[in-house]
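# Descriptive structure summary
Here is what each chain is made of, one letter per residue.
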Number of protein chains: 4
Amino acid sequence: MNQPVEARGNSRQKIVDTALKLFSQQGFEKTSVREITKAAGISLGLMYNYFDSKEALLKAIFQESIQNIQDSFAIEPNDTGRLALLLRRYFDAIEKRQDHWRLLHGIRMQQHLSQLLAQETETLSNYIIGELSLILKNLRYERPLHEAVLLFATIDGITNHYLTNSRYPLDKITHLLISKYI
Amino acid sequence: MNQPVEARGNSRQKIVDTALKLFSQQGFEKTSVREITKAAGISLGLMYNYFDSKEALLKAIFQESIQNIQDSFAIEPNDTGRLALLLRRYFDAIEKRQDHWRLLHGIRMQQHLSQLLAQETETLSNYIIGELSLILKNLRYERPLHEAVLLFATIDGITNHYLTNSRYPLDKITHLLISKYI
Amino acid sequence: MNQPVEARGNSRQKIVDTALKLFSQQGFEKTSVREITKAAGISLGLMYNYFDSKEALLKAIFQESIQNIQDSFAIEPNDTGRLALLLRRYFDAIEKRQDHWRLLHGIRMQQHLSQLLAQETETLSNYIIGELSLILKNLRYERPLHEAVLLFATIDGITNHYLTNSRYPLDKITHLLISKYI
Amino acid sequence: MNQPVEARGNSRQKIVDTALKLFSQQGFEKTSVREITKAAGISLGLMYNYFDSKEALLKAIFQESIQNIQDSFAIEPNDTGRLALLLRRYFDAIEKRQDHWRLLHGIRMQQHLSQLLAQETETLSNYIIGELSLILKNLRYERPLHEAVLLFATIDGITNHYLTNSRYPLDKITHLLISKYI
DNA sequence: AATGAATGAGACTTCATTCAT
DNA sequence: TATGAATGAAGTCTCATTCAT
């Protein structure tokens, strides 16, 4: 009657994966818990064995997303060309895991959700701005912090437009952006 | 049982105003029709005399917002310094009518809503990119269209961060951005 | 500011006509008062100047219908062939004023409505059965009353099937029925 | 907060039974979903676990009714006296399960409902006419199909009048009808 | 670890009716 | 005679969550 060992814990991951997909596609509000469990092929009750609430599930998923996004910023601190590399990896990561970014951006403008995840979001922003600031300082920019804030806005805006517009010329714009910081 | 005489006929505008405020503060989904009508001081049914549905109300409000945003871009086509003026007016408008921008940005990442307003949004984007492109061409940029797309991403990203972060140094960042486009 | 004389009372008739059409097409419940007044080209309030309620309107219309149906039974009491004539006129009337019959049959099975119009309906039934009974008596049927009740069921059933089925062979069935009562 | 154990699993049937009773008594439109669930002793939401909509519930009930009505026509195809037997069983079934017939007749004249159930209704009509036609052919009637259509109208008319009039002399009329087809 | 029947608050929407003008 | 803005009860349906098994 027990699940085979290798199946243990699969349900939890299936829930998380399915929910990430659905949340990013349809939005948090428009995705019902029942829909998630059906798509994940598990029962409604089981979901509540793993997560206290729909919001708790969102939080758990969000952690993963944050991690994934943060990873795309993890660059060995070599010297020149580091910004170019970072930006390329960043926009590369967006293309490959659109779901994570879609979730993040979808949540950000919804007050009640962003409050729920305020800390994680803030940490991420600070980390990104910090990293950028460091690089820009090495590149001898005068006000590296402000420059980082501005650059962050730019790459975030690009991300948003890319996620919103299926015909967005991401490559060309990435290239153009990089060219401005050599 | 009816409204006092002096209130007659203002109801439609009261609904629109109230709904814009609530939608931008709490989001479309989290704002119930009952809440709107209560805040507007009218009955529930009256809203449906003016608008066919909650979505129709959103659409009506959205038109106004689009118009407002577009107005902040209307600059007489003089020569130099036009971009600086435009950016200043743009970010000025954001500060003054945060509600319109909040509504726009809050809707953008929610597929079912952005689809509903797809045409208006696209028209606005094209208009903005077109205007920017024109100015950048006058400024002798090589690929004015790409430059415009990039600049639009930047100002949109700044807007988003400003709306999300109450301590955002909008003035400084605006200044820095402008300095890059002398 | 007064209506021209010939226009007086037109509104009332327009309401009745429009309501009959809509009630018979869509049913009483599925037709809203607003819909009626819009289709009739008058204001909502005016309808309530003429009729106390939606049900009162139905009642007024129903009188007309009953009258119309009754008229199709008014035959000068000549001798033989009277039944054939009556049936032909009856089914002829159905074809020409389907709306009246549709209203009657649509209401009959809805308890709360048929109660409202119980008296009129009963009077009509009795009248029809009475007339039929008389004719059948002249035709030397043994139990003219029962025969009338049965014949009424038959013509009512035919009517119902005809109103329900656009391909109903009304002529052929009428002919067959008449042939049974030569 | 949940139903007592012994009640579990009966809910679906309880809903169907209660709804059939209420629909046939009060009509589909005049019966609210809340009323059904209250009378069935279950919660409002549970109904929507079993049926997608009020109309879907009607459809499910209708299937049962159709079956019941059809069963009253299932006669072993012996020879003479078959029609008499069939008619007696038919009118017998009506007396015993008035609810099913009331539902059928109540729906028939309401366009939007009869459309919903068009296929089932048509199938039933064709079946009845087919059976009658067969019997009448054996009885050497000249145009068995037309005769069947006419007879169907008659028994349907009787049914309708019986359902509408609590003092209807069903037995006598049945007897008279049968006497015409020996 | 897993199920899914059951709950009930609350969402959007419709509609007959009233009344000041 | 005529208007239509305004009302609010009532309708259908959704959904996160609980709990006995």
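Keep in mind the model is a prediction, meaning the values are calculated, not measured. For every chain, the first residue of the written sequence is number 1, and numbering continues from 1 along that sequence. As they are written, the chains are lettered A onward and the ligands numbered 1 onward, keeping that order. Since the coordinates come from a predicted model, pLDDT governs what is reported: local features require at least 70, and pairs of side-chain atoms require 80 or more to be given and counted, while whole-chain, interface and lining totals use all residues. With hydrogens and water excluded, all non-hydrogen atoms of the structure serve as input to the side-chain values.

## Topic: the interface of chain C and chain D
This is how the line gets drawn: Between two residues, a contact is recorded if the distance between any of their heavy atoms is within 4.5 Å. Here the quantity called buried area is the accessible surface, traced with a 1.4 Å probe, that two parts lose on coming together, added over both. Each reported salt bridge corresponds to a side-chain nitrogen of Lys or Arg within 4 Å of a carboxyl oxygen of Asp or Glu. Counted as a polar contact is a pair of N or O atoms within 3.5 Å, where, for protein atoms, one must be capable of donating a hydrogen and the other of accepting one, and residues adjacent in sequence contribute only when both atoms are in side chains.
Across the contact, 35 residues belong to chain C and 36 residues belong to chain D. Summed over both sides, the interface of chain C with chain D buries roughly 3,000 Å², with 65% coming from carbon and sulfur. Three residues, Met109, Leu150 and His161 of chain C, lead the burial of chain C against chain D; their summed loss comes to 21% of the area buried on that side. One can count four salt bridges joining chain C with chain D. Across the pair Glu122 of chain D and Arg167 of chain C runs a salt bridge, and its minimum N-O distance is 3.6 Å. Our enumeration of links across chain C and chain D arrives at five residue pairs in polar contact (both at pLDDT 80 or more).

## A look at unusual backbone geometry
For the record, the criterion: Numbering goes from the N terminus for both helices and strands, where a helix is a DSSP run of H or I of at least four residues and a strand is a run of E of at least two.
The phi dihedral of Arg140 of chain A falls on the positive side, at around 70°, and the residue is not glycine. Mapping Arg140 of chain A onto the fold places it in the loop between α8 (118-138) and α9 (144-164).

## Quick word on the relation of the copies chain B and chain A
Selection rule: We place the copies in one frame by least squares, fitting the C-alpha atoms of every residue whose pLDDT is at least 70 in both.
Between chain B and chain A, the superposition needs a rotation of 180° and an axial shift of 0.0 Å, giving an RMSD of 0.2 Å. Taken together, these values place the two copies in the relation of a two-fold axis. A shared binding surface is used by both copies, with 100% of the interface residues of chain B retained as interface residues in chain A.

## Thoughts on the confidence of the model for chain A
So the rule is basically this: Here pLDDT means the predictor's own confidence in every residue, given as a number from 0 to 100.
Put simply, chain A has an average pLDDT of 91, and 92% of its residues get 70 or more. Of the regions scoring below 50 in pLDDT, residues 1-6 of chain A engages in two contacts with residues more than four places distant in sequence or in other chains.

## Quick word on the interface of chain B and chain A
Size of an interface: often given as the accessible area lost when the parts come together. This is how the line gets drawn: Three residue categories are used. Nonpolar comprises Ala, Val, Leu, Ile, Met, Phe, Trp, Tyr, Cys and Pro, charged comprises Asp, Glu, Lys and Arg, and polar comprises the others, including Gly.
The partner chain A presents 36 residues to the 36 residues of chain B that form the contact. Counting across the chain B and chain A interface gives four salt bridges. Lys180 of chain B is the salt-bridge partner of Glu147 of chain A, the closest N and O atoms lying 2.8 Å from each other. Looking at the side of chain B that touches chain A, the elements that each hand over two or more residues are α1 (11-26), α6 (98-108), α7 (111-116), α9 (144-164) and α10 (170-179) of chain B. In the side of chain B that touches chain A, the residues fall into 13 nonpolar, 13 polar and 10 charged.

## Looking at the relation of the copies chain C and chain D
The operation relating chain C to chain D is a screw motion whose rotation component is 180°, with 0.1 Å of axial translation and a residual RMSD of 0.2 Å. Here 100% of the interface residues in chain C have copies in chain D that are interface residues too; the copies meet face to matching face.

## Description of the packing of helix α8 (residues 118-138) of chain B against α9 of chain B
All names here are of chain B. Under the convention used in this document: In this analysis, axes come from line fits to C-alpha atoms, helices being fitted only over the stretch in contact, and the angle between any two N-to-C directions falls in the range 0 to 180 degrees. Any angle between 65 and 115 degrees counts as roughly perpendicular, while under 35 counts as roughly parallel, over 145 as roughly antiparallel, and the rest as oblique. Handedness of a crossing follows from how the near helix is turned relative to the far one, being left-handed for an anticlockwise turn of less than a right angle and right-handed for a clockwise one.
Closest axis-to-axis distance for the α8/α9 pair is 8 Å, and the angle between their directions is 120°. By the criterion of interaxial angle, the relationship of α8 to α9 is oblique. Crossing of α8 over α9 shows right-handed handedness. Here Ser125, Ile128, Ile129, Leu132, Ser133, Leu136 and Lys137 of α8 come into contact with α9, specifically with Pro144, Leu145, Glu147, Ala148, Val149, Leu151, Phe152 and Ile155.

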